[in-house]
Amino acid sequence: MRRRKEGSNMSPVSLHSLSDPHFSADTTAWLAAIVEDLTDAILSKTLDGTITSWNAGAERLFGYSREEAVGRPISLIIPDERLDEEADIVVRLRLGERIGRFETVRCTREAVPVHVEVAISPLRNADRTIIGASTIARDISERLRHANEQALLLSEMRHRVKNLLSIVQGLISIGGRRADDVQTFTEELNARITSLAAAQSLVLHSEDRADGACTTLGEILAAVMAPYGDDGIAVVDCDTVVGQHAMTSLALLFHELATNAVKYGALSNPDGSLSVDIATDAAAVSVFWREEGGEWSEKPQAGFGTSLLDATLRGLQGTIVREWRDGVFETVLKLPRDALAR
């Protein structure tokens with residue numbers, strides 16, 4: 001026997017044909033076997049809503065056996081809030097109307113709502129009098145779940161792209177006004193975009209982790225500081241969790257500190273040293289960025305990097321304190337844990 005494939009067009013012709021007097025007993029049995037074998041739920045009912053047939057697909061979808069369902073009202077699988085929908089269907093069936101595919105909700109034996117696609121046709125007797133209806137119901141819960149996941153992913157992608165483009169646009173706009181020459185502007189912009197790329201790599205890595213965990217403050221520091229090597233740099237590890245929304249801001253923040261260290265501070269001098277220590281408590285994380293042996297002779301002028309640091313800290317609800325004393329430059333960042341975890 002050739003079976004109808006799952007996913008083929010829904011059509012209630014089978015149950016309708018069973019009532020046709022021109023079909024032989026063998027043909028009727030053959031059609032009944034097809035109906036029974038289909039993966040879709042196929043059932044019939046009288047015009048007053050009494051269930052008269054119930055195939056194996058209906059058993060699987062709704063959880064009631066054939067013996068439990070036949071003879072009971074169709075409201076058995078219709079949520080209370082959808083009963084008006086059934087009343088409208090009966091009116092249309094009495095007029096001989098075939099109701100094409102539409103999406104609705106039915107409920108299982110355990111009262112679990114299930115999203116279905118339904119097609120309904122009137123059933124006629126030998127005199128062509130409408131005596132009931134045949135219904136085909138297909139479970140579309142999985143399809144809707146995939147559609148919702150896809151919509152969520154697209155929304156998240158748009159959000160991330162928009163955020164990154166906004167950041168890059170800001171870097172270009174403000175950096176272009178403050179740069180001394182095109183080459184300097186290009187080099188600084190490339191370095192900042194590289195830092196953004198490192199942050200995004202951490203985001204993707206965190207999403208790929210089976211345990212669903214995000215990255216840590218120590219991992220972000222290591223990624224941003226990697227291009228500068230190990231000589232004269234001591235960075236403490238820290239397992240404080242950083243959420244996906246805070247990663248980019250932190251990467252930019254540490255990148256600006258490192259860039260300033262290369263241009264003016266400890267990393268501009270072969271004999272300079274940089275240390276990063278971290279202290280934590282229940283509410284906040286404090287980062288102590290200390291540079292010794294920098295080339296500045298006085299407090300550096302505030303520039304774009306300083307403005308970017310301040311703006312980033314505001315976004316993270318954090319604070320920054322800078323001190324220059326006896327050849328040592330120290331920056332102290334205080335970051336709330338709840339802001340970091342977002």
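Let us look at the overall build of the protein. A tally of helices and strands in the protein yields 11 helices and 12 strands. Evaluated residue by residue, the protein yields a buried proportion of 38% over its 342 residues. Contacts in the protein between residues at least 24 apart in sequence constitute 57% of all its contacts with a sequence separation of at least 6. Per element, the accessible surface of the protein, about 18800 Å² overall, is 52% carbon and sulfur.

Another point: the packing of aromatic side chains. Summed over the entire model, instances satisfying the criterion amount to 2 aromatic pairs. Consider the rings of W54 and F62, whose centres lie 5.7 Å apart with planes at 40°: the pair is tilted. By relative accessible area, which is 2% here, W54 ends up buried. With a centroid separation of 4.9 Å and 15° between ring planes, the pair formed by W324 and F329 is classed as stacked. A residue is classified by how much of its surface remains accessible, and W324, at 27% relative accessible area, is partly exposed. The class for F329 is buried, based on a relative accessible area of 9%.

The phi torsion at R128 lies on the positive side, around 70°, for a residue other than glycine. Within the fold, R128 resides in the loop between β4 (113-124) and β5 (130-139). The backbone phi angle of Q317 is positive, close to 60°, even though this residue is not glycine. Counting through the fold element by element, Q317 comes out in the loop between α10 (304-315) and β11 (319-325).

Take the nonpolar core next. L217, L250, L253, F254, V287 and W289 are the most contacted members of the largest nonpolar core, which totals 29 residues. No other element matches helix α9 (residues 244-263), which puts 8 residues into this core. Sequence-distant contacts of F254, that is, excluding residues within four places in its chain, are made with L217, I220, L221, V224, V287, W289 and L333. Counting 24 residues, the second largest nonpolar core, distinct from the first, contains A41, L43, F62 and V116.

Right, let's get into helix α5 (residues 83-94). Since the α-helix turns once every 3.6 residues, residues separated by three or four places project in the same direction. Over its 12 residues, α5 extends 17 Å from the first C-alpha to the last, a length consistent with the 16 Å expected when each residue adds 1.5 Å. Of all the residues in α5, the buried ones are E86, I89, V90 and L93. Along α5, the residues classed as buried sweep out an arc of 100° about the axis, all on the same side. In this structure, the buried residues of α5 make contact with β1 (41-46), β3 (99-107), β4 and β5. Two residues or fewer past α5, G96 is found with a positive phi of approximately 80°.

Glancing now at the side chain of T104. Looking at the element boundaries, T104 is found in strand β3. Residue T104 is classed as buried on the basis of its relative accessible area, which comes to 3%. A polar contact of 3.3 Å, which involves the side chain of T104, links it to the side chain of R106. Aside from chain neighbours lying at most four places away, what touches T104 is R82, E85, V114, H115, V116 and V118.

Take the confidence of the model for the protein next. In the predicted model, the protein carries a mean pLDDT of 78, and 71% of its residues have values of at least 70. Helix α1 (residues 13-18) is the least confidently modelled element of the protein, averaging 44 in pLDDT, while helix α4 (residues 66-69) averages 94, the highest of any element. Low pLDDT, under 50, characterises residues 1-19; the predicted model gives this stretch 46 contacts beyond four residues in sequence or across chains.

With that settled, the discussion passes to the sheet that holds strand β10 (residues 284-292). A sheet is described by the order of its strands in space; here 5 strands give the open sequence β7-β9-β10-β12-β11, paired in mixed fashion. Of all strands in the sheet, those bounded by a partner on one side alone are β7 (233-235) and β11. For this sheet the average axis-to-axis angle between neighbouring strands, irrespective of direction, equals 10°. Bridge count for β11 against strand β12 (residues 328-336) is 7 bridges, and the pairing is antiparallel. Among the inter-strand pairings, R325 is bridged to a residue of β12, identified as V328. On the sheet, α9 packs against β10 and β12 and is oriented at approximately 15° with respect to β10.

Rules of the game
Residues numbered from 1 in each chain as written. Predicted model: local features only at pLDDT ≥ 70, side-chain atom pairs only at ≥ 80, totals over all residues. Heavy atoms only, no water. Helix = DSSP H or I, 4+ residues; strand = E, 2+ residues; numbered from the N terminus. Buried < 20%, exposed > 50% of the residue type's maximum accessible area, 1.4 Å probe, protein only. Contact = heavy atoms within 4.5 Å. Areas by Shrake-Rupley, 256 points an atom, 1.4 Å probe, with all protein chains shown as cover. Phe/Tyr/Trp six-rings, centres within 6.5 Å; stacked < 30°, edge-to-face > 60°. Core = buried A, V, L, I, M, F, W, Y, C linked by side-chain atoms within 4.5 Å. Expected span 1.5 Å × (residues − 1). Arc of directions from axis to C-beta. Polar contact = N/O pair within 3.5 Å; in protein donor to acceptor, adjacent residues only side chain to side chain. pLDDT = per-residue confidence, 0-100. Pairing = 2+ DSSP bridges. Axes fitted to C-alpha atoms, helices over the stretch in contact; angles between N-to-C directions.

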